[in-house]
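Survey of secondary and tertiary structure
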Amino acid sequence: MSLFLPKLACKKDIDEVIKGVAEKVVVLRFGRDDDLVCLRLDEILSKTAHDLSNMASIYIVDVDKAPIYTRYFDISYIPSTVFFFNGQHMKVDYGSPDHTKFVGSFKTKQDFMDLIEVIYRGAMRGKMIVQSPIDPQNIPKYDLLYHGI
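An unreviewed UniProt entry lists the protein under the name Thioredoxin-like protein, with Menidia menidia as the source organism. Among the UniProt annotations of the protein, the heading Subunit (unreviewed entry) holds the following wording: "Homodimer. Interacts with the U5-102 kDa protein subunit of the spliceosome." Within the UniProt record for the protein, the comment given under Sequence similarities (unreviewed entry) is "Belongs to the DIM1 family."

Now the structure itself:
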């Protein structure tokens, strides 16, 4: 399904999108095209892209082609979804220790749409972190991995 979403192939492309998209939430899905969970998430993203086009721009990033951002955002699990607004990294409190990214696939299209709306409205009010509207039962659980500690 990621055929319908634009792909960013290198750090330069990612930087241009993050800095260049104004007044919209930039959604970066980090993952691989051959991963089943990534494909499930891509289906949700592509089905909602048109409905959210006034609030968000959605892009696909292959973790193997953008190792700098993969390390920077500590992408240990795929898919991981990161959000920006006007060049600023938007954080979301999902009730987990990591507010920098959403790990896993959204359960429903509505969960994703609700999250984008909350991020957009919060960002328009100047907030850098927002509370997730997603039911905690629909948020995948995982343990943070700390390497070299």
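Quick word on the pairing of strand E2 (residues 25-31)
Counting buried residues in E2 gives seven out of seven residues, a clear majority hidden from the surface. Side-chain alternation along E2 places Val 25, Val 27, Arg 29 and Gly 31 on one buried face and Val 26, Leu 28 and Phe 30 on a second face that is also buried. Across seven bridges, E2 lies against strand E3 (residues 56-62) in parallel orientation. Bridge pairing in E3 places Leu 28 opposite Tyr 59. What joins E2 to E3 is helix H2 (residues 36-49), and the crossover it makes is right-handed. In this sheet, strand E4 (residues 80-85) lies alongside E2 in antiparallel orientation, the contact comprising six bridges. Note that in E4 the partner of Val 27 across the bridge is Phe 83.

A look at H2
With 14 residues, H2 extends 20 Å between its outermost C-alpha atoms, agreeing within 8% with the 20 Å of an ideal straight helix rising 1.5 Å per residue. Within H2 the residues assigned to the buried category are Cys 38, Leu 41, Asp 42, Ile 44, Leu 45, Ser 46 and Thr 48. Of the surrounding secondary structure, the elements contacted by the buried residues of H2 are E2, E3, E4 and helix H4 (109-124). The N-cap of H2, judged by a side-chain oxygen 3.1 Å from the amide nitrogen of Val 37 a few residues on, is Asp 35.

Some words on the packing of aromatic side chains
Applying the stated criterion across every chain yields a total of eight aromatic pairs. Here the aromatic rings of Phe 85 and Tyr 120 are separated by 6.1 Å at their centres, their planes lie at 75°, and the arrangement is edge-to-face. Taken together, the positions of Phe 85 in strand E4 and Tyr 120 in helix H4 put the pair 35 residues apart, joining distant regions of the chain. With a centroid separation of 4.1 Å and an interplanar angle of 10°, the aromatic rings of Phe 102 and Phe 106 are classed as stacked.

Let's talk about the nonpolar core
Counting residues in hydrophobic clusters, the biggest one holds 27 residues, and the most contacted among them are Val 25, Phe 83, Phe 106, Phe 112 and Ile 116. Of all the secondary-structure elements, those providing two or more residues to this core are E2, H2, E3, E4, strand E5 (88-93) and H4. Of all the elements, H4 adds the most residues to this core, at six residues.

Conventions we followed
Chains are numbered independently. Their residues run from 1 in the order of the written sequence. The model is predicted, so local features are restricted to residues of pLDDT at least 70 and side-chain atom pairs to those at 80 or more, both for listing and for counting; the totals for chains, interfaces and linings are taken over all residues. Note that the side-chain values use all heavy atoms of the structure and ignore hydrogens as well as water. UniProt positions are given in the numbering used here, feature names are shortened, and annotations may be inferred rather than shown by experiment. With a 1.4 Å probe rolled over the protein chains alone, any residue whose accessible area is under 20% of its type maximum counts as buried; one over 50% counts as exposed, and the rest are partly exposed. Helical segments are the DSSP runs of H or I of at least four residues, strand segments are the runs of E of at least two, and each set is numbered from the N terminus. By the convention used here, strands pair only if DSSP detects at least 2 bridges between them. Look down the strands so they point away from you; if the path from the first strand over the helix to the second goes clockwise, the crossover is right-handed. In this analysis, the expected span of each helix is defined as 1.5 Å times one less than the number of residues it contains. It only takes one pair of heavy atoms within 4.5 Å for two residues to be counted as in contact. Distance and chemistry together define a polar contact, namely a pair of N or O atoms within 3.5 Å, with one atom able to donate a hydrogen and the other to accept it when in protein, and with adjacent residues in sequence counting only for side-chain atoms on both sides. Ring pairs shown here join Phe, Tyr and Trp side chains whose ring centres sit within 6.5 Å, with only the six-membered ring taken for Trp; geometry is labelled stacked below 30 degrees between planes, edge-to-face above 60, and tilted in between. In these notes, a set of buried Ala, Val, Leu, Ile, Met, Phe, Trp, Tyr and Cys residues joined through side-chain atoms within 4.5 Å is what counts as a nonpolar core.

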